[in-house]
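Single-letter residue listing:
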Amino acid sequence: MGLISGILMGTILGIAIMAAFRQMMRYRSSKRIAKAVDIKLLGCLNRDDLRKICGDNFPEWISFPVYEQVKWLNKQLSKLWPYVEEAARIIIKESVEPLLEDYRPAGITSLKFNKLSLGTVPPKIEGIRVQSLKKGQITMDIDLRWGGDPNIVLGVEAAVVANLPIQLKDLQVFTVVRVIFQLCEEIPCISAVVVALLSEPEPKIDYTLKAVGGSLTAIPGLSDMIDDTVKTIVTDMLQWPHRIVVPIGGVNVDTSELELKPQGLVSLTIVKANNLKNMEMIGKSDPYVTAYIRPLEKFKTKVVDNNLNPVWNHQIQLIAEDKETQFAVFEVLDQDIGQDKRLGIARLPLIDLEPEVEKEIELRLQPSLDMLKIKDKKDRGTLTIKVKYHQFTKEEQDAAIEEEKRILEEKKRLKAEGLIGSTMDAIDGAAGFVGSGVGLVGTGVVSGVGLVGSGVVSGVGAGAGLVGSGLGAVGSGTKQGWKVHGADHHWNQWF
């Protein structure tokens, strides 16, 4: 009897163990399948989906497995940081301070570093992606995060303030740095290095401003001026497609192919605006439009007094350097005593333009390009423009390069003479680079450079616009000249 009961109990126990094991394997299998599905779904997420889940500050390698984690490099960087900080401080002092002078707003007469220290906390590299996008080059994308403890004090001077020290505190930088190594056959096998900040994801620089021994209200709008200056320098000098090209010493190489070059001409007609916001307590706003691709090459229309539905029909030509990534920016402003007020802003992606095809486009105006920081999101009206894109030939491209240099030098000269407040000032008058309507090559008669104006910005009287020297890449021996009559600076130009 005991034997039979033992066999029966053993059989039942064995069956129970087998059933439990089978159930456990089924459970583990279902969990593995569910996990595989989750991983597959995560792999399908794009950057916007991950931004909703993780916020803006997620490491790049989460979204893109091609970004490799480099913990070892961060350890070495923390050891090298005291030496890197000293060298970087010198480079920033020498290279950024002239940019602050070039890009400073018209309301500020001087903007320099009083103190500059990058602190003791090194940047952190979240990931690195290495690619070979072009023969003879190695491209490295570095996901850089820095929440350091720098000591940066800017010396700000204005007409009403002799010297106001402004400290930048709580500085945080989130960006992806693209480094391109141009290879060669001679030691050290690298002839040049190209450095830029990728435009996607957009570089993010956060900080707070604090006045040392004074108040930020001493200069109205100072915080916005400094924010705009920092953003403009980053966008116009460092953000891709703009880049810094550094030749490596000892290697004789032509770096012109690495530099950004003009790609095409954007011909604009700023037609009209409708339903603009009124900024005046008495009467209506006096609107005008500034248009630019690069802030240093900014043009503006005439002012239409006391009108919220102005018509300009103003023609402007802008140089595009990378049609795939750049935008044309249009800012509608209200002319006022002191600082002009923004009525609305819009931008047009150049990638949407077809060569030699004119389009009429209605742009919806916004309070700011960065709407996350704006509380007043009410409608600001619309801006109607006509636009046409022309792709440069090689001859037109070479002529445009020289003309860009000439325009900047002319603006610097006028700033040194006190005729304009800053090289960032928009220039009155039509901007024309062409005589025949197709690019920079004319038929022998060119129209000047489009900086010929009847007035100049920053309240410098009746005008001293930049006078063009004529642009065509192909000339016909025509002559040019200009002269000035009286104190009102009336320009008579002939060709």
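One structure accompanies this document, and this report is about it. (Residues numbered from 1 in each chain as written. Predicted model: local features only at pLDDT ≥ 70, side-chain atom pairs only at ≥ 80, totals over all residues. Heavy atoms only, no water.)

1. A look at the overall build of the protein
Part 1 of the argument: Within the protein, the regular secondary structure consists of 6 helices and 18 strands.
Part 2 of the argument: Counting over 495 residues, the protein shows a buried share of 41%.
Part 3 of the argument: Within the protein, counting contacts between residues at least 6 apart in sequence, those at least 24 apart form 65% of the total. (Helix = DSSP H or I, 4+ residues; strand = E, 2+ residues; numbered from the N terminus. Buried < 20%, exposed > 50% of the residue type's maximum accessible area, 1.4 Å probe, protein only. Contact = heavy atoms within 4.5 Å.)

2. Some thoughts on the pattern of salt bridges
Part 1 of the argument: The tally for this structure, following the rule as stated, stands at 12 salt bridges.
Part 2 of the argument: With a shortest N-O distance of 3.9 Å, Glu-126 and Lys-124 are connected by a salt bridge.
Part 3 of the argument: Glu-403 is the partner of Arg-406 in a salt bridge, and the nearest nitrogen-oxygen pair spans 2.9 Å. Here Glu-403 and Arg-406 lie together in helix 6 (residues 394–416), a separation of 3 residues that amounts to about one turn.
Part 4 of the argument: Through salt bridges with shared partners, a single ionic network connects Arg-129, Asp-141 and Arg-178. (Salt bridge = Lys/Arg side-chain N within 4 Å of Asp/Glu carboxyl O.)

3. Describing the nonpolar core
Part 1 of the argument: Judged by nonpolar contacts, the single largest core of 30 residues is most densely connected at Val-266, Ile-270, Phe-330, Leu-348, Leu-383 and Ile-385.
Part 2 of the argument: Not counting chain neighbours up to four residues away, the residues in contact with Val-266 comprise Ile-293, Ile-316, Gln-317, Leu-318, Ala-320, Leu-350, Leu-353, Val-387, Lys-388 and Tyr-389.
Part 3 of the argument: Residues Leu-116, Trp-146, Ala-211 and Leu-296 belong to the second largest nonpolar core, which totals 27 residues. (Core = buried A, V, L, I, M, F, W, Y, C linked by side-chain atoms within 4.5 Å.)

4. Describing the packing of aromatic side chains
Part 1 of the argument: Inspection of every chain in the model, using the stated rule, returns 1 aromatic pair.
Part 2 of the argument: Sitting over the ring of Tyr-292, Lys-298 keeps its end group 4.9 Å from the ring centre.
Part 3 of the argument: Positioned above the aromatic ring of Tyr-389 is the side chain of Lys-323, whose terminal nitrogen or guanidinium carbon lies 5.5 Å from the ring centre. (Phe/Tyr/Trp six-rings, centres within 6.5 Å; stacked < 30°, edge-to-face > 60°. Lys NZ or Arg CZ within 6 Å of the ring centre and 35° of its normal.)

5. Things to note about the sheet that holds strand 14 (residues 341–349)
Part 1 of the argument: Read across the open sheet, the 4 strands follow the order 11-10-13-14; overall the sheet is antiparallel. Each end of this open sheet is capped by a strand with a single partner; those strands are strand 11 (298–300) and strand 14. Along the sheet, successive strands turn relative to each other by an average axial angle of 20 degrees, direction set aside.
Part 2 of the argument: Bridge count for strand 13 (residues 327–334) against strand 14 is 8 bridges, and the pairing is antiparallel. (Pairing = 2+ DSSP bridges. Axes fitted to C-alpha atoms, helices over the stretch in contact; angles between N-to-C directions.)

6. Comments concerning a nonpolar patch on the surface
Part 1 of the argument: On the surface, a nonpolar cluster with roughly 320 Å² of combined accessible area is contributed by Leu-8, Met-9 and Ile-12.
Part 2 of the argument: Note on placement: Ile-12 falls in helix 1 (residues 2–44). (Patch = residues over 30% accessible without salt bridge, like charges linked within 9 Å, V, L, I, M, F, W, Y side chains within 5 Å. Areas by Shrake-Rupley, 256 points an atom, 1.4 Å probe, with all protein chains shown as cover.)

7. Describing the packing of helix 4 (residues 71–103) against helix 5 (residues 222–238)
In helix packing, the relevant descriptors are the interaxial angle and the interaxial distance, both defined with respect to the helix axes.
Part 1 of the argument: In contact at an axis separation of 10 Å, helix 4 and helix 5 are set at 110 degrees when each is read in the N-to-C sense. In terms of their interaxial angle, helix 4 and helix 5 are classed as roughly perpendicular. Here Leu-99, Leu-100 and Tyr-103 of helix 4 lie close against helix 5, whose contacting residues are Thr-229, Thr-232, Ile-233, Asp-236 and Met-237.
Part 2 of the argument: Here the residues of the contact of helix 4 with helix 5 are counted per class, giving 5 nonpolar, 2 polar and 1 charged. (Parallel < 35°, antiparallel > 145°, perpendicular 65-115°, else oblique. Nonpolar A, V, L, I, M, F, W, Y, C, P; charged D, E, K, R; others polar.)

8. Some details on the sheet that holds strand 15 (residues 359–364)
Part 1 of the argument: Here we have 4 strands laid out as an open sheet, ordered 12-9-16-15, and antiparallel in their pairing. Edge strands, defined here as strands with exactly one partner in the open sheet, are strand 12 (311–320) and strand 15. Here the strands of the sheet are splayed against their neighbours by 25 degrees on average, with no regard to which way each runs.
Part 2 of the argument: One ladder, built from 8 bridges, connects strand 9 (residues 264–274) with strand 12; its direction is antiparallel. The residue bridging Thr-269 from the neighbouring strand is Gln-315, located in strand 12.

9. With respect to the environment of Gln-326
Part 1 of the argument: Mapped onto the secondary structure, Gln-326 falls in the loop between strand 12 and strand 13.
Part 2 of the argument: On the basis of relative accessibility, which here comes to 6%, the residue Gln-326 falls in the buried class.
Part 3 of the argument: When near neighbours in sequence (up to four residues on either side) are disregarded, Gln-326 contacts Pro-241, His-242, Ile-293, Ala-320, Glu-321, Leu-348, Pro-349 and Leu-350.
Part 4 of the argument: Engagement of the side chain of Gln-326 in a polar contact is seen with the backbone nitrogen of Glu-321, the distance being 2.7 Å.
Part 5 of the argument: One polar contact links the side chain of Gln-326 to the main-chain amide nitrogen of Asp-322, over a distance of 3.0 Å. (Polar contact = N/O pair within 3.5 Å; in protein donor to acceptor, adjacent residues only side chain to side chain.)

10. Quick word on the pairing of strand 3 (residues 137–146)
Part 1 of the argument: Here strand 3 lies mainly inside the structure; 7 of its 10 residues are buried.
Part 2 of the argument: The sheet contact formed by strand 2 (residues 124–131) and strand 3 spans 7 bridges and is antiparallel. For Ile-128, the partnering residue across the bridge sits in strand 3 and is Ile-142.
Part 3 of the argument: Two successive antiparallel strands, strand 2 and strand 3, enclose a turn made up of 5 residues, where Gly-136 displays a positive phi of approximately 85 degrees.
Part 4 of the argument: With 10 bridges connecting them, strand 3 and strand 5 (residues 164–183) associate as antiparallel partners. Looking across to strand 5, one finds that Ile-142 is bridged to Val-177.

Purely geometric numbers; function is a separate question.
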